[in-house]
Structure formats: structure tokens, C-alpha cells
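Report on the structure
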Amino acid sequence: MKLRNISLKNLALLVGDRLRRRGVEAVLTGGACVSIYTRNRYQSYDLDFVLLAAEDKKAAGDALAELGFRREGRHFRHPDTPFLVEFLVPPLSIGAAPVQEISTISAGRRVLRLLSPTDCVKDRLAAYYFWNDRQSLEQALLVALRHPIDMKDVKTWSASEGMTERLAVFLRQFREKKK
Amino acid sequence: MLEGLLESPVKERALLFIHVAGPSYAREIARTFSLNLSSVQNQLLKLEAAGILYSRLRGRVRLFEFNPRYAFKAEFGRLLDKALEFVPEGERRLYQGRRRPRRTGKPL
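Residues numbered from 1 in each chain as written. Chains lettered and ligands numbered in written order. Predicted model: local features only at pLDDT ≥ 70, side-chain atom pairs only at ≥ 80, totals over all residues.

**Quick look at the overall build of chain A**
In plain terms, the rule: Secondary structure follows DSSP: runs of H or I at least 4 residues long count as helices, runs of E at least 2 residues long count as strands, and numbering of each begins at the N terminus. To get the radius of gyration, use the C-alpha atoms; to get the globule rule, take the number of residues to the power 0.38 and multiply by 2.2 Å. Contact between two residues is assigned whenever their backbone-derived C-beta positions fall within 7 Å.
Tallying secondary structure elements over chain A gives seven helices and nine strands in all. For chain A, whose C-alpha radius of gyration is 16 Å, the value lies close to the compact-globule estimate of 16 Å for 179 residues. Overall, the C-alpha framework of chain A stretches about 45 × 30 × 30 Å when taken along its three principal axes. Sequence separation of at least 24 residues holds for 65% of the intrachain contacts in chain A that already meet a minimum separation of 6.

**Focus: the environment of S160 of chain A**
Residues and elements named next belong to chain A. Cut-off, in case you're wondering: Neighbour density around each residue's C-beta defines its exposure: 20 or more other C-beta atoms within 10 Å make it buried, 12 or fewer make it exposed, and counts between make it partly exposed, where C-beta atoms are placed from the backbone.
Positionally, S160 belongs in helix 6 (residues 151–160). Judged by the 11 C-beta atoms lying within 10 Å of it, S160 is exposed. As a C-alpha pair, S160 and A96 span 64 residues in sequence and 8.6 Å in three-dimensional space.

**Some details on the interface of chain A and chain B**
Short version of the rule: Under the grouping applied here, Gly and all other residues not named as nonpolar or charged are polar, the nonpolar ones being Ala, Val, Leu, Ile, Met, Phe, Trp, Tyr, Cys and Pro and the charged ones Asp, Glu, Lys and Arg.
Listed as interface residues are nine residues of chain A and, on the opposing side, eight residues of chain B. Along the lines of polarity and charge, the residues of the side of chain A that touches chain B split into six nonpolar, two polar and one charged.

**Concerning the packing of helix 2 (residues 9–21) of chain B against helix 4 (residues 37–49) of chain B**
Residue and element names in this part refer to chain B. Going by this rule: Between N-to-C directions, angles cover 0 to 180 degrees, with each direction set by a line fitted to C-alpha atoms, over the stretch in contact for helices. Small angles under 35 degrees read as roughly parallel and large ones over 145 as roughly antiparallel, with 65 to 115 read as roughly perpendicular and the rest as oblique.
Following both chains from N to C, one finds helix 2 and helix 4 inclined at 70°, their axes separated by 9 Å at the closest point. By the angle class used here, helix 2 and helix 4 are roughly perpendicular. The segment helix 2 lies against helix 4, with V10, K11 and A14 engaging S39, V40, Q43 and L44. Class assignment for the residues of the contact of helix 2 with helix 4 results in four nonpolar, two polar and one charged.

On their own, these measurements won't tell you what the molecule is for.
Here it is in C-alpha cells:
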């Protein structure tokens, strides 16, 4: 299949659709969700899908092969697009907490399952908390400023991860940028 | 100790070594336990693919450590603590190699 000039969102929808057709349950996570929720204010080139069943790895690879992707190590690459696809093994979690609610977006008959905006913020904050990655903090802010976020959930989760000091940095910058 | 669970003595030693010593590279684990280097590398890469470890390059060395984002990190750490209690005293010392710095040029 030709994928020239396909956007990250449309590619994610296409892959999500092909996975669903094969009965593979997968959820888009990571920076790709930031791209989708910020309309590419942050441009990711990685589509990280977490499989809900580890045994679906082969079926997921077959679905990509059908679209013309080739495996390169752990990633899948297509000659028409710079985007890389990777399938991660379960569990679908953010830090020590399982993801409870999965969001969907759709276009036509295609449906993509992805982290909710709140979980996307927590996912980016996890990278900031654990690896002190400032780019991830910026990405969390970009999403939080554009979508309703359950801040109570973010605070509870941050406390459970022992990260209240770094949460304070996020909240301070969030309030400043929101003014 | 955990071979029945992990199905590989190399994997068990690598995990216990990183648990005790912190960020480690394949060659030092292989050297410490006289293991085949490629077996150690293979197990570390499997653990990375499973999200249990992550790695980063420091200079030309790839260091592996526990992934702080792994959902069961705390519980798995406690399991490894328990397993360490059963490691014979002589072998346990192998997990505790020197980690403090040594000044450049200082004779051993």
C-alpha cells in the first residue's frame, strides 16, 4: 500500500484498523498521542502500540507486513513514510498504575484506541519524573493546555509514585502558561 | 533461586547483579560470573524488550538498569531481595564488586 505523505494520525488510524480486523487489541501510547492531541505542535515519529495480549505479537507484525512495512530490529518501517511502528508487550500501565480507561478517535469506519488526554499527560510526566526529561514535561504541558485533564487523578498518581516535588514544577508551569 | 520462574540462570544472575550493583554493562556481568558474553547480551536485550530493563549509551558502553516505568518494579525488586538471601555467601560477594571511584593513575 502507498503511504506517501500520510499523517501520523491517519497512519495510526490505518494501523489500528488493520490490527482490529485481525482481532489484535492494541492501544497507542507515548509521543504519538501527544502529536494527535496537540495537532502536531509536537511531532513524533514513533507509533508505539501496547498489545493487550503478548501472544498477538506475530499477528500484529503480519498486519503491518500486509501494509508494506518491514521489520527492522524491534521496529517496523515503510519505504514511503518516516514513521516507525513498534509493538510493546503488556501490561498497559503508567508507572505502577494500570491504565483503566482507553479513549478512541475515529475517522470514517476506522477507530483508533489510544491513551486518554489525562493518561497521556501522566505518561509524559512519567518520563519527566523518572528520567528528568524536560522535553516530556513540555509535552505534558502542551496536552494539558489543550484538553480537559483530571488533575485530581494526576495528583493522586504522582503522589503514589513519590513525585510530589516534580508534580509541583508541572503545576506551576501549567498555571503560568494558562494565564 | 528463581531459575524455575525465569528459565535461565544467566537471566537470573544478570537481574540480581543489576539489582545489587545498579547500572551495569554486559561484559562486566559476563566477566564476574564467567559467562558467555553473547548469552548475557541476549538476555539483557530480552529483558529490555519486555520493558523490565532499559539501556542507554555512556560513551561506547551500553548500560542496563531497571526501568523505573516497569509496572511491577517495586514488587519484582522485593522478590530479588528475597532471592538474594538464598545466594551462598561466597557468590553473594560477586554481586557486590567495587562501585566507588578510584582516582586516575592510582596503583591498585
